[in-house]
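Report on the structure
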Amino acid sequence: MKRQNKYRKFQLQQKNIEALEKENSRFKRVYSEYENMSNELWNLENSNDEPVPDDFINAMVLQASYLEDEIEDWLLQFNEKKTDIRH
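Presented here is a report on the structure given in the accompanying data block. This one's a predicted model, so the numbers in the text were calculated from it and none came from an experiment.

What about the pattern of salt bridges?
Scanning all chains against the criterion turns up two salt bridges. A salt bridge links Glu23 to Lys81; the shortest N-O distance between them is 3.3 Å. Of this pair, Glu23 sits in helix H1 (residues 14-23) while Lys81 is found in helix H3 (residues 54-86), placing the two residues 58 residues apart along the sequence.

And the structure:
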């Protein structure tokens, strides 16, 4: 059984992410970078190849968390904007 990628945090918000990517090129770049970094982290942590130093992985995890924070902020603003439009 394949383990789930713990870095794929935003799967449930995919529709909002797709809408944001269409309207904001900066968000699209940030989210793309986050996806690439998440995939790379997953591959590094689950690889049977040469081990990677913990410092390197920790630096990648830190950078991914900064990107997550930025993405979460955009999603919050997007959801608030959608709510404001409905009311």
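Text resumes after the structure shown.
A look at the packing of H1 against helix H2 (residues 25-45)
Across the interface, H1 lies against H2 with an axial gap of 6 Å and an inter-helix angle of 130°. Taken together, H1 and H2 sit at an angle that is classed as oblique. Relative to H2, the crossing made by H1 is left-handed. From H1, Gln14, Ile17, Leu20, Glu21 and Glu23 reach across to H2, where they touch Ser25, Phe27, Lys28 and Tyr31. Residues of the contact of H1 with H2, tallied by class, amount to four nonpolar, two polar and three charged.

Some points on the side chain of Ser38
Looking at the secondary structure, you find Ser38 in helix H2. Side-chain polar atoms of Ser38 contact the backbone oxygen of Tyr34, separated by 2.8 Å.

Details of the packing of aromatic side chains
By the definition in use, this model includes five aromatic pairs. With centroids separated by 5.4 Å and ring planes inclined at 70°, the aromatic side chains of Phe10 and Tyr34 adopt a geometry described as edge-to-face. With a gap of 24 residues between them, Phe10 in the segment before H1 and Tyr34 in helix H2 connect regions that are remote in the sequence. Among the aromatic side chains, those forming a connected cluster through ring pairs are Phe10, Phe27, Tyr31, Tyr34 and Trp74.

Considerations on the nonpolar core
Soluble globular proteins tend to pack their nonpolar side chains together in the buried interior. Core analysis: the largest hydrophobic core is formed by 17 residues, its most contacted members being Phe10, Phe27, Tyr31 and Ile71. The set of elements that each furnish at least two residues to this core consists of H1, H2 and H3. Looking at this core element by element, the count peaks at eight residues for H3.

Cut-offs used in this document
- Residues numbered from 1 in each chain as written.
- Predicted model: local features only at pLDDT ≥ 70, side-chain atom pairs only at ≥ 80, totals over all residues.
- Heavy atoms only, no water.
- Salt bridge = Lys/Arg side-chain N within 4 Å of Asp/Glu carboxyl O.
- Helix = DSSP H or I, 4+ residues; strand = E, 2+ residues; numbered from the N terminus.
- Axes fitted to C-alpha atoms, helices over the stretch in contact; angles between N-to-C directions.
- Parallel < 35°, antiparallel > 145°, perpendicular 65-115°, else oblique.
- Left-handed = near helix turned anticlockwise from the far one by under 90°.
- Contact = heavy atoms within 4.5 Å.
- Nonpolar A, V, L, I, M, F, W, Y, C, P; charged D, E, K, R; others polar.
- Polar contact = N/O pair within 3.5 Å; in protein donor to acceptor, adjacent residues only side chain to side chain.
- Phe/Tyr/Trp six-rings, centres within 6.5 Å; stacked < 30°, edge-to-face > 60°.
- Core = buried A, V, L, I, M, F, W, Y, C linked by side-chain atoms within 4.5 Å.
- Buried < 20%, exposed > 50% of the residue type's maximum accessible area, 1.4 Å probe, protein only.

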